Amino acid sequence: MKHALILTLSLALWAVPSYAQERAADVARVIEARVGADRVAEWIKGADWVIEELVEVAYGYAPSQEVTEAAIQSFVRHGRAGARARAFKDIWSADLDGDLSVTRTEIAEIALALSGFQRGMLWTRHRRADANSDGTVTLDELSTYAETRALRYLSETRADALNDALALDLDGNGAVSVEEAERALMLLAQAHGALQSTTAPASQDDDA
Ligand SMILES: [Ca+2]
Ligand SMILES: [Ca+2]
């Protein structure tokens, strides 16, 4: 009887890692079928970065603090609107005569009150916004420039990656909590026998 019990316990303990591995492999198969092997490989390499993005969306843009499609859309729209507004402010703050266009003369005058770094940035931005290079940034040119900056700040690539993260929805309720994503990424790493790395892609904060 005692031997039988020990045998049962040994078998149970032996079975634990195998079950966990099977579970991880099942989850990995489902997630990979949703987003493809390349995305999964990218997540395993940069798990910390994925979690950081999800924290920002969950706690900043989701009333339930879980990432949903609507929360991602809101995050993207807010990010782009902010970048657009900064582009307008950067150029419009030099519109000294208020005629809704900014000439090089105006830039030169406003530059006097700026630091060296700010002067350099202002001239660079004015140059980029002046699409036809006639020395004056018009409202149309500024609108186009602002849109370019919005899309550079929050690119389609970044928005697609965020939308793919909805595949980390382990309980299938249409939303992904940060803890759920952490669990899913751990299972993926386990299934691929990989160690999680802290390597993050290049910073996307600069929207100039
Ligand atoms: Ca002006
Ligand atoms: Ca122009």
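Each remark here, short or long, concerns the structure printed above.
Cut-offs used in this document
- Residues numbered from 1 in each chain as written.
- Chains lettered and ligands numbered in written order.
- Predicted model: local features only at pLDDT ≥ 70, side-chain atom pairs only at ≥ 80, totals over all residues.
- Helix = DSSP H or I, 4+ residues; strand = E, 2+ residues; numbered from the N terminus.
- Contact = placed C-beta atoms within 7 Å.
- Expected span 1.5 Å × (residues − 1).
- Buried ≥ 20, exposed ≤ 12 C-beta atoms within 10 Å, placed from the backbone.
- Arc of directions from axis to C-beta.
- Core = buried A, V, L, I, M, F, W, Y, C linked by C-beta atoms within 7 Å.

### Thoughts on the overall build of the protein chain
For step 1, the next point in the chain: Check the secondary structure of the protein chain and you find nine helices and two strands.
For step 2, the next point in the chain: Put simply, the protein chain runs from its N terminus to its C terminus through helices and strands in the order α-α-α-α-β-α-α-β-α-α-α.
For step 3, the next point in the chain: In the protein chain, 66% of the contacts between residues at least 6 apart in sequence involve partners at least 24 apart.

### Observations concerning helix α7 (residues 139-153)
For step 1, the next point in the chain: Helix length check: α7 (15 residues) gives 21 Å between terminal C-alpha atoms against 21 Å at 1.5 Å per residue, within 8%.
For step 2, the next point in the chain: Turning to α7, its buried residues number three or more, namely Leu142, Tyr145, Ala146, Arg149, Ala150 and Tyr153. Angular distribution of buried residues about the axis of α7 spans 140 degrees; they occupy a single face of the element.
For step 3, the next point in the chain: Buried residues along α7 sit in contact with α4 (69-92), α6 (116-129) and β2 (136-137).

### Quick notes on the nonpolar core
For step 1, the next point in the chain: If you look at the biggest cluster of nonpolar residues, it comprises 44 residues, and the most contacted ones within it are Leu54, Val57, Val67, Ala165, Leu185 and Leu188.
For step 2, the next point in the chain: Residue assignment for this core shows that the elements contributing at least two residues are α1 (2-35), α2 (37-45), α3 (47-61), α4, α6, α7 and α9 (178-191).
For step 3, the next point in the chain: Setting aside residues no more than four positions away along its own chain, Leu185 makes contact with Trp43, Ala47 and Val50.

### Focus: unusual backbone geometry
For step 1, the next point in the chain: Of note, Leu100 is a non-glycine position whose phi angle comes to about 60 degrees, a positive value.
For step 2, the next point in the chain: With respect to the helices and strands, the residue Leu100 is situated in the loop between α4 and β1 (102-103).
For step 3, the next point in the chain: Given 11 C-beta atoms within 10 Å, Leu100 falls into the exposed group.

### Describing the environment of Asp95
For step 1, the next point in the chain: With respect to the helices, strands and loops of the structure, Asp95 is situated in the loop between α4 and β1.
For step 2, the next point in the chain: Taking C-alpha positions, Asp95 is 9.0 Å from Ile110, a pair spaced 15 residues apart along the chain.
For step 3, the next point in the chain: With sequence-adjacent residues up to four places away left out, Asp95 is seen in contact with Leu100, Val102 and Glu106.

### Section: the environment of Trp123
For step 1, the next point in the chain: Tracing the sequence through the fold places Trp123 in helix α6.
For step 2, the next point in the chain: When the 15 C-beta atoms within 10 Å are taken as the criterion, Trp123 is described as partly exposed.
For step 3, the next point in the chain: Separated by 12 residues in the primary sequence, Trp123 and Ala111 have C-alpha atoms spaced 8.4 Å apart.

Without other data, these values stay purely geometric and don't point to any function.
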